[in-house]
Amino acid sequence: MAETQAMVQKDRSEVHTAERTRGGVTFTPRVDIYETDTKLVLCADMPGVRPQDIDLRYERGELVLHGRVEPRQRVGAFLLNEYEDGDFYRVFTISESIDASRIEAECKHGVLTIHLPKVAAVQPKQINVKAN
Amino acid sequence: MRLSRWEPLGGMFNQVNHLQKEVNRLFDRWGGDGWNLMNGNTQFPPLNVWEDAEHVSVDCELPGLDLKDLEIYVTGGNQLTIKGERKQQLSENAVFHRQERTFGTFVRVLTLPFPVNSDKVEAKLEHGVLTIKLAKHEAAKPRKIAIKAE
């Protein structure tokens, strides 16, 4: 069976606008961003983040993703320790063509999906051509 | 399919491993994913395994997977297999700006250092984190020996 080589470990976050009071490691979530006629969709992998622990903010044209991860309780001796727990943090600059008031987000199975609708003015319009 | 062997923590090997990870991390910044082909630690998914007197537990991060996309087996008494597929849901006419997440099938086989009771395996998938709890086989449990005072 072909294994997917590209499925790799998570990256530590290199983005730090300001230092946090809470210590620990912060990771950059891997994201997919795609565009359709009416909106932009952003999907971010944030395993271990409960929907209520996501702090999603849009201010001054920036979309800030912050997912808090509660440290998992592992009682006993480690036999293998290949990854660490930590918060997820990432910031994106969003252009003005996004209607900020209609941004919606959902989180399922550790994947955060954000829908960023375009403002009506930039949406393509289909023009019907009448046959005489 | 690759076998991953259990390596005791805290030993020399682990320190070397840690150093290797750090160096790889440094290279990752410049080279991106390409460097990971050289990295021995990129088996997917990365696992944390820990034990207490009665159980051994395994956890890994599998965001976006449903329980039905996942198969877990215990074979030969001490071999744990985690197999699954991460499927991509695409809407039509979508144009990608960024594509960092990866999809596809994966298999990870872990050889545990002691036999487990294959009837007593619990697995749960919560917010993209899979946790498997396996009960140790009777023979593998530590036995306390009473010392008689004469």
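Preceding this section is the structure that the text describes.
Anyway, here's the lowdown on the structure attached to this text.

Reading the values: rules and limits
Residues numbered from 1 in each chain as written. Chains lettered and ligands numbered in written order. Predicted model: local features only at pLDDT ≥ 70, side-chain atom pairs only at ≥ 80, totals over all residues. Heavy atoms only, no water. Helix = DSSP H or I, 4+ residues; strand = E, 2+ residues; numbered from the N terminus. Buried < 20%, exposed > 50% of the residue type's maximum accessible area, 1.4 Å probe, protein only. Contact = heavy atoms within 4.5 Å. Areas by Shrake-Rupley, 256 points an atom, 1.4 Å probe, with all protein chains shown as cover. Phe/Tyr/Trp six-rings, centres within 6.5 Å; stacked < 30°, edge-to-face > 60°. Pairing = 2+ DSSP bridges. Axes fitted to C-alpha atoms, helices over the stretch in contact; angles between N-to-C directions. Polar contact = N/O pair within 3.5 Å; in protein donor to acceptor, adjacent residues only side chain to side chain.

1. Considerations on the overall build of chain B
Then comes step 1: A tally of regular secondary structure across chain B gives 1 helix and 9 strands.
Then comes step 2: Reading chain B from its N end, one meets helices and strands in the order β-α-β-β-β-β-β-β-β-β.
Then comes step 3: Residues counted as buried form 35% of the 150 residues belonging to chain B.
Then comes step 4: Within chain B, contacts between residues separated by at least 24 positions form 54% of all contacts whose residues are at least 6 apart in sequence.
Then comes step 5: When the accessible surface of chain B is summed, it comes to about 9,400 Å², and 53% of that surface belongs to carbon and sulfur atoms.

2. So, unusual backbone geometry
Residues and elements named next belong to chain A.
Then comes step 1: For Arg60, which is not a glycine, the phi torsion comes out positive at approximately 45°.
Then comes step 2: Of note, Arg60 is situated in the loop between strand S5 (54–59) and strand S6 (62–67).
Then comes step 3: Judged by relative accessible area, which is 80%, Arg60 ranks as exposed.
Then comes step 4: The phi dihedral of His109 is positive, around 50°, even though this residue is not glycine.
Then comes step 5: Relative to the elements of secondary structure, His109 occurs in the loop between strand S9 (104–108) and strand S10 (111–117).

3. Digging into the packing of aromatic side chains
Remark: the centre distance and the inter-plane angle together describe each pair of aromatic rings, the angle taken between the planes.
Then comes step 1: Counted by the stated rule, this structure contains 4 aromatic pairs over all chains.
Then comes step 2: Plain terms: the ring middles of Phe27 of chain A and Phe88 of chain A are 6.2 Å apart, the flat faces sit at 45° to each other, and that makes the pair tilted. Here Phe27 of chain A is found in strand S2 (residues 26–28), whereas its partner Phe88 of chain A is found in strand S8 (residues 87–93), with 61 residues between them in sequence. The pair formed by Phe27 of chain A and Phe88 of chain A is uniform in burial state, with each residue classed as buried.
Then comes step 3: Relative to Phe106 of chain B, the ring of Phe44 of chain B has its centre 5.2 Å away and its plane inclined at 75°; by these criteria the two rings are edge-to-face.

4. Description of the sheet that holds strand S3 (residues 31–35) of chain A
Then comes step 1: With antiparallel pairing, the 5 strands of this open sheet are ordered in space as S9(A)-S10(A)-S4(A)-S3(A)-S6(B). Taken across any chain shown, the strands that pair with only one partner, and hence form the sheet edges, are S9 of chain A together with strand S6 (95–99) of chain B. Here the strands of the sheet are splayed against their neighbours by 15° on average, with no regard to which way each runs.
Then comes step 2: With 4 bridges joining them, S3 of chain A and S6 of chain B adopt antiparallel strand pairing. Bridge assignment links Tyr34 of chain A to a residue of S6 of chain B, and that residue is Phe96 of chain B.

5. Re the side chain of Asp45 of chain A
Then comes step 1: Here Asp45 of chain A lies in strand S4 (residues 39–45).
Then comes step 2: At 2.8 Å, the side chain of Asp45 of chain A and the side chain of Arg101 of chain B are in polar contact.
Then comes step 3: If near-sequence neighbours (up to four positions away) are discounted, Asp45 of chain A is found in contact with Pro29, Arg30, Phe88, Gly110 and Val111 of chain A together with Pro63, Arg86 and Arg101 of chain B.

6. As for the environment of Leu62 of chain B
All names here are of chain B.
Then comes step 1: Mapped onto the elements, Leu62 comes out in the loop between strand S3 (55–61) and strand S4 (70–75).
Then comes step 2: Overall, the relative accessible area of 1% leaves Leu62 in the buried class.
Then comes step 3: Between the C-alpha atom of Leu62 and that of Pro46, which follows or precedes it by 16 residues, the distance is 9.6 Å.
Then comes step 4: Not counting residues up to four positions away in its chain, the partners in contact with Leu62 are Phe44, Pro45, Leu70, Phe106, Gly128 and Leu130.

7. Things to note about the pairing of S8 of chain A
Residues and elements named next belong to chain A.
Then comes step 1: In terms of burial, S8 is a largely internal element, 5 of the 7 residues being buried.
Then comes step 2: Strand direction decides the pairing type here: S6 and S8, joined by 6 bridges, are antiparallel. Across the sheet, residue His66 finds its bridge partner in S8, namely Tyr89.

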